[in-house]
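If you want the building blocks of each chain, they are given just below.
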Amino acid sequence: MSTIDYTRELSVLEGKHALRELDDLIAKPLETKPDKKFYIALAITLSMTGLFVLGLALTFYYGIGMWGNNIPVAWAFDIVNFVFWVGIGHAGTLISAILFLFRQKWRTGIARFAEGMTVFAVMTAGLFPLIHVGRPWLAGYLFPYPNQHSVWVNFTSPLLWDVFAVSTYLTVSLIFWYVGLIPDLATLRERTNHKIKKVVYSIFSLGWRFSNRHWHHYEMVYLILAGFATPLVLSVHTIVSFDFAVSVIPGWHTTIFPPYFVAGAVFSGFAMVQNVLIMIRKIFNYEHIITVDTLEKMNKIMLLTGSMVGYAYAMEFFIAWYSGVEAERFAFLNRAMGPYAWAYWIMVTCNVVSPQLFWFKKIRRTIPVMFVIAIFVNIGMWLERFVIIVTSLSRDFLPSSWAYYKPTLVDGMILIGSFGFFFTWILLFTKALPVVSMAEVKAVVDGAQPSHKEH
Amino acid sequence: MMSEKILYSYTGIFDTPDEVTHAAEEAVKQGYTKYDVNTPYPLHGMNKAMKLPASKLGYVALIFGLSGTLGALLSLWWVSAIDYPLVIGGKPFFSFPAYIPVIFEVTVLSAAIATVLAMLFFFFKLPNNAHPLHATDYMKKVSNDKYGIVIQAEDPIFDEASVRKFLESVHAKDINAVYWAEEEITHKHKIFEPKFLTFLLVVVILTSGTTYFTLNKLMFMLPFNWMMEQQKQNPQQKSLVFADGFGMRKPVEGTIARGFLPYAFKGQPDLAGEKLINPIPISKESLQLGQTKFDIYCSPCHGYQGEGNSRLRGQYPNPPSLHSEKVRTWSDGRIFAVLTDGQNVMPSYSTQLSVDERWAVINYVRALQRALNAKESDLQ
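Remember, predicted model here, so these are calculated numbers, not experimental data.

Calculation notes
- Residues numbered from 1 in each chain as written.
- Chains lettered and ligands numbered in written order.
- Predicted model: local features only at pLDDT ≥ 70, side-chain atom pairs only at ≥ 80, totals over all residues.
- Heavy atoms only, no water.
- Helix = DSSP H or I, 4+ residues; strand = E, 2+ residues; numbered from the N terminus.
- Buried < 20%, exposed > 50% of the residue type's maximum accessible area, 1.4 Å probe, protein only.
- Contact = heavy atoms within 4.5 Å.
- Lys, Arg positive; Asp, Glu negative; His and termini not counted.
- Charge placed at Lys NZ, Arg CZ, Asp CG, Glu CD.
- Axes fitted to C-alpha atoms, helices over the stretch in contact; angles between N-to-C directions.
- Parallel < 35°, antiparallel > 145°, perpendicular 65-115°, else oblique.
- Left-handed = near helix turned anticlockwise from the far one by under 90°.
- Buried area = accessible area lost by both parts, 1.4 Å probe.
- Salt bridge = Lys/Arg side-chain N within 4 Å of Asp/Glu carboxyl O.
- Nonpolar A, V, L, I, M, F, W, Y, C, P; charged D, E, K, R; others polar.
- Expected span 1.5 Å × (residues − 1).
- Patch = residues over 30% accessible without salt bridge, like charges linked within 9 Å, V, L, I, M, F, W, Y side chains within 5 Å.
- Areas by Shrake-Rupley, 256 points an atom, 1.4 Å probe, with all protein chains shown as cover.
- Domains from an automatic or database assignment.
- Pairing = 2+ DSSP bridges.
- pLDDT = per-residue confidence, 0-100.
- Phe/Tyr/Trp six-rings, centres within 6.5 Å; stacked < 30°, edge-to-face > 60°.
- Lys NZ or Arg CZ within 6 Å of the ring centre and 35° of its normal.

(A) View of the overall build of chain A. The helix and strand inventory of chain A stands at 15 helices and 0 strands. Counting only C-alpha atoms, chain A reaches 75 × 60 × 45 Å along its principal axes. In chain A, buried positions account for 59% of the 455 residues. Sequence-distant contacts, at least 24 apart, represent 81% of the contacts inside chain A between residues at least 6 apart. The average position of the 35 basic charges and that of the 27 acidic charges among the side chains of chain A differ by 7 Å.

(B) Layout of the packing of helix H11 (residues 341-353) of chain A against helix H13 (residues 367-394) of chain A. Residues and elements named next belong to chain A. With their axes 8 Å apart at the nearest point, H11 and H13 run at an angle of 140° to one another. With respect to their mutual orientation, H11 and H13 come out oblique. The two elements H11 and H13 meet at a crossing, and its hand is left-handed. Residues Trp342, Ala343, Tyr344, Ile346, Met347, Cys350 and Asn351 of H11 lie in contact with H13, whose contacting residues are Phe376, Val377, Gly380, Met381, Leu383, Glu384, Phe386 and Val387.

(C) The arrangement of the interface of chain A and chain B in detail. Each partner contributes residues to the interface: chain A has 63 residues there, and chain B has 73 residues. Between chain A and chain B, roughly 6300 Å² of surface is buried when both sides are summed, and carbon and sulfur atoms account for 66% of that area. For the chain A face of the interface with chain B, the top three residues by lost area are A:Arg209, A:Asn212 and A:Arg213, together amounting to 11%. Close ionic contact of A:Arg20 with B:Asp145 constitutes a salt bridge, the shortest N to O distance being 3.6 Å. Those elements giving two or more residues to the side of chain A that touches chain B turn out to be helix H1 (19-31), helix H2 (36-62), helix H5 (158-191), helix H6 (195-205), helix H7 (212-245) and helix H15 (438-443) of chain A. Looking at the side of chain A that touches chain B element by element, the count peaks at 17 residues for H7(A). Broken down by class, the residue content of the side of chain A that touches chain B amounts to 35 nonpolar, 18 polar and 10 charged.

(D) Inspection of H11(A) at higher detail. Residue and element names in this part refer to chain A. Taking 1.5 Å per residue, 13 residues should reach 18 Å; H11 reaches 17 Å between its end C-alpha atoms and fits that length. Burial in H11 covers these residues: Ala341, Ala343, Tyr344, Met347, Val348, Cys350 and Asn351. Contacts from the buried residues of H11 go to helix H8 (257-283), helix H9 (292-323), helix H10 (326-337) and H13.

(E) Focus on a nonpolar patch on the surface. Residue and element names in this part refer to chain B. A cluster of nonpolar side chains, Leu70, Leu74, Trp77, Trp78, Ile82, Val87, Phe93, Phe94, Phe96 and Ile100, forms an exposed patch at the surface whose accessible area comes to about 950 Å². Put simply, the parts of the chain that give the nonpolar patch at least two residues each are helix H3 (57-83) and helix H4 (96-123). In terms of residues, the nonpolar patch owes the most to one element, H3, which gives 5 residues. When you line up the elements, Ile100 lands in helix H4. The exposure class assigned to Ile100 is partly exposed, which follows from its relative accessible area of 43%.

(F) Seen up close, the domain arrangement of chain B. With domains assigned, chain B is organised as domain 1 (7-185), domain 2 (188-250) and domain 3 (269-379). On a C-alpha basis, the centroid separation for the pair domain 1 of chain B and domain 3 of chain B is 85 Å.

(G) Structural context of the pattern of salt bridges. With the rule as written, the count across this model stands at 24 salt bridges over all chains. Linking B:Lys29 and B:Glu26 is a salt bridge whose minimum nitrogen-to-oxygen distance equals 3.4 Å. Placement of both B:Lys29 and B:Glu26 in helix H1 (residues 17-30) is noted, with a separation of 3 residues, approximately one turn of the helix. Judged by relative accessible area, B:Lys29 falls into the exposed class, the value being 65%. Through salt bridges that share partners, A:Arg20, B:Asp15, B:Asp145, B:Lys146 and B:Lys173 make up one connected network.

(H) Broad picture of the sheet that holds strand S3 (residues 147-152) of chain B. Residue and element names in this part refer to chain B. What the 4 strands build is an open sheet, ordered S2-S3-S1-S4; its pairing is antiparallel. Sheet topology places strand S2 (35-38) and strand S4 (173-179) at the edges, where each strand pairs with a single neighbour. Mean inter-strand twist for the sheet, computed between neighbouring axes without regard to direction, equals 20°. The sheet contact formed by strand S1 (residues 7-14) and S4 spans 5 bridges and is antiparallel.

(I) Molecular detail of the packing of H7(A) against H3(B). Where H7(A) contacts H3(B), the two axes come as close as 9 Å, and the packing angle between them is 35°. Helix-helix and strand crossings are classified by hand; for H7(A) and H3(B) the assignment is right-handed. Counted together, A:His217, A:Met220, A:Val221, A:Ile224 and A:Phe228 of H7(A) and B:Leu57, B:Gly58 and B:Ala61 of H3(B) form the full contact between these two elements. Here the residues of the contact of H7(A) with H3(B) are counted per class, giving 6 nonpolar, 2 polar and no charged.

(J) A look at H8(A). All names here are of chain A. In this model H8 runs 39 Å from its N-terminal to its C-terminal C-alpha over 27 residues, within 8% of the 39 Å that 1.5 Å per residue would give. Most of H8 is tucked away, with 23 of its 27 residues classed as buried. Remark: Asn285 follows H8 within two positions and exhibits a positive phi of approximately 55°.

(K) Local environment of the confidence of the model for chain B. Here chain B averages 89 in pLDDT, and 96% of its residues register 70 or above. Interface confidence in the predicted complex, given as ipTM, is 0.93; pTM for the same model is 0.79.

(L) Quick look at the environment of B:Val28. All names here are of chain B. Position of Val28 among the secondary structure elements: in helix H1. The exposure class assigned to Val28 is partly exposed, which follows from its relative accessible area of 24%. Each C-alpha atom, one on Val28 and one on Lys51, is 7.8 Å from the other, the two residues being 23 residues apart in sequence. Ignoring sequence-local partners within four residues, the contact set of Val28 consists of Tyr35, Ala49, Met50 and Lys51.

(M) View of the packing of aromatic side chains. One pass over the full model with this rule turns up 64 aromatic pairs over all chains. Residues A:Phe113 and A:Phe429 carry aromatic rings whose centres are separated by 5.9 Å and whose planes lie at 25° to one another, so their mutual orientation is stacked. Residue A:Phe113 is located in helix H4 (residues 108-132), and its partner A:Phe429 is located in helix H14 (residues 409-432); the two are separated by 316 residues in the primary sequence. Exposure remark for A:Phe429: the relative accessible area of 3% places this residue in the buried category. Among the aromatic side chains, those forming a connected cluster through ring pairs are A:Phe52, A:Phe113, A:Phe120, A:Phe128, A:Trp177, A:Phe421, A:Trp425 and A:Phe429. The ring of A:Phe100 carries the charged tip of A:Arg103 above its face, separated from the ring centre by 5.7 Å. Across the ring face of B:Phe242, the terminal group of B:Arg249 is positioned such that the distance to the ring centre comes to 3.9 Å.

In C-alpha cells form, the structure reads like this:
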C-alpha cells in the first residue's frame, strides 16, 4: 500500500467527473422507461403490500382478536414493528443532519436516499400505533383539540409524547427532504422536454433559479434544519423508549433505555440503508458516487453503534443483578434462559457478534459479506424489540398470569406486508425522484469549488 | 417586434467557479447592485465576493421556536391546570417535567416550518415560475454545469453598452439580453379565469361532499361500528336464548332491591299510625336534614313554616296547615303514611325521599309545630 497523505481530504467520489455526466447519471432512472427487473421487483413488493391490506382488513373487520396478543402480552408484533420501523428511520436523519453538522462530506452521495428512507420508514411506523388501537378511524382523539367531550389528552403519558414526537419527526423529515429536493427538481425541470413532467417539476421546484442570493439563505436554513433535526432524532427514540421505561414492568423499567434505544435505532437504520444502497448502486451504476469508501464508513458506524448496543445488553444484566430487585433479576435470567431464550440468543449473535467482524478492514470493504452482516443486524434488531416487549410482558410479577405468546397468521401477514409497503415506496422513489442529490454531489467534485486564494 | 419588449437583464456564462467569483467581485467594484450570480450549487466564498449581509433567517427560527416553546407551555398549563384539572398518577395538575417532551417537539416543529416557509415565501418570493430568466438557455446552463452572472436593467447605473463591455472584460461567454415575456409584465391575475374558478368549485364540492359522507355516513357503516355490533345482548333486542324472546329479563319473583323494604300499610294510614314507630331520634343532624328536605320538597305547597301558604299561587289546591289540632295529635307513623302513600291530591314522596329522610322530615315538622304552639314548659 502506498503512503497516504493525511493532510489532504480524500475526495468523496471515485475518479474525476464532469458535472454534466453526474447529472446524466443521476437523472437517468427518471428519464428512461423502467425495465423488466423493476416491474418484477414492484410486483413482489405490491403483492406483499396486498398481504398487508388483507391482514389489516381482517383485523379491522373482526377486531384485534385476530392477533396472538392476549393478556398478559397485550403488546406484541404491532408495537415491535412500530419500534423497528421508527428505528430504521433514524439513520436517514443521522446521515442528513448529524453528519452534515460534522461536515462529513461523504454523506452527500447517500443523504438523499437515506432521508427518503426515513420518510418511508416513519410512515410505515406511524401506521402501527393506529393499527394497534384496532379502530384507527378514531385516532383523531390522540390529538389535543377542543372536542365535544371537553376532556383533553393525557399530557403526562409517554404514549401521547409519542404522538407528538413521531408526527413532528415525520413533518420535519419531509420538510428537510423537500428543501433538499428543490434545486434538483429545478435541474430536472431544465432537463426535461416532456410536457407533463415539465409542469410537475415547475410546480414542485417552485421556480427555483439557482440564484446565489437564494443559495446564501438556503445554506443557512439547511444548517438550521440540521441543527433542529439532530436533537429531534435523538428525542424521538428517547420518547419511544419512554413507552417502556416509564412503566413498572421488570425488564422495561430501566434508565438505560433512551441512549440504548437511540444507538439501536441508528444501528438498524444504517444496516437497512447499507443493504438498500448496495442494491441501488449496482442497479443504477452509481459505484462511483456511492463508493466502497462510503460503505466502509457506514460499516464503521455500525461497528460503533453495535458495540454500544452490546454494552447496553451487558449493562442491563449487571444492573438487574446489582439492584438486588428480585423481579428484575428474574426478568433478565428469564430472557436468557426462559421460554424465549431462542430469540434472545439469535439477537445476541446477530447484534453483538456479527458487527464485530467489521474490525477487519477486508470485511468492511467486501460487499457481499457486509451485505449479509447488515441483514443479520436487521433480523437481530427486530428480535431485540421482540425480546424486550414480549419476554417482559409474558412473565411479570404474578406467576399465575404468565403466558407464552405466539403470533398468528395475520400477525405474520402484517409484518411481511409492512416490508412490502416500505419497499414499494422505495421503488417508486427511485423512479420518481433523484436518489442522489445532484446539487450536493456536484458541489463536492474535485475542482467544483473556487480555488481559494487565501490558501 | 424587438422594440416592444422590455429588457430584463444581460446575462453572461462562465466555465469555472473561479471566473464567476472573480466576475462577482468585479461587479461589486463597478457599483452594480441589481445583479445576481446563478450556480448549480452553492459556491464557497460567493457570499463574500458578492458582499451579501449575513442571513437573517436565524432570527426567524429563534422567534418562532421560542413562540412554540411558550405557546406549548401556556396551553399545557391552561389545559391541565385551568380548563380541566385532572389528577393523573398523583402528580400536580401542572407537572412541568412531564411536559418537556411535548414542549420540545412543538418548539422544533414550529421553528422548522416557520423558517422554511419564511425562506420560500418571504425571502425568495417563491413560487414564481413567471420570472424572465425561466425558459432561457441561460437557466438551462446554470442548472447543470455552468456558472452565470445577471445584470438587471433595473440597476441605477445600467447602460446596455457599458454592461456588455463589463461582461466582456470579465471574459463572460454567451452574453445575451433577456426580455420580459408579455404575460410576465401585464400581471393579469389568472385566478379570475373561468377555468380556474370552475376548478375551484369542483374542488370545493368534492372535498365538502366527501367530508360529509365520511363523517356522517361512512363512519356508521360496517366495519366502522363504534363497538355497537358485538356478539352480546343489547337492550330492547330480541333474545334467541329465552323462549318468550325477551332480551331484558324481569327479576326473580319476590326480589327486593337493596335499601327498599316494601311498605306494609299501603292504603291503611290508620293502621300505619298505630304500628309504625319513628326510629330516628331527634338530633341536630336529623333536624338539619329534615329542614333541607322539607324546604326542597314540601315548602312549595305547605310554605316554609307549614302554615299552608303555598308559593304556587293558586295553580294547585292550597293544602291545609300542618299546625292543625289534627296533625299535631297524629302519631309520627300517621304522617309517615301521608308521605309514603300520598293523600287525596297530595302525591306520594316515597320515590323522592328515602325512608330515613321521611322520618327526618317528620322530625322537622314536629319542630315547626312546637315552634308555633309552644308548651308552657318550653319557656323555662
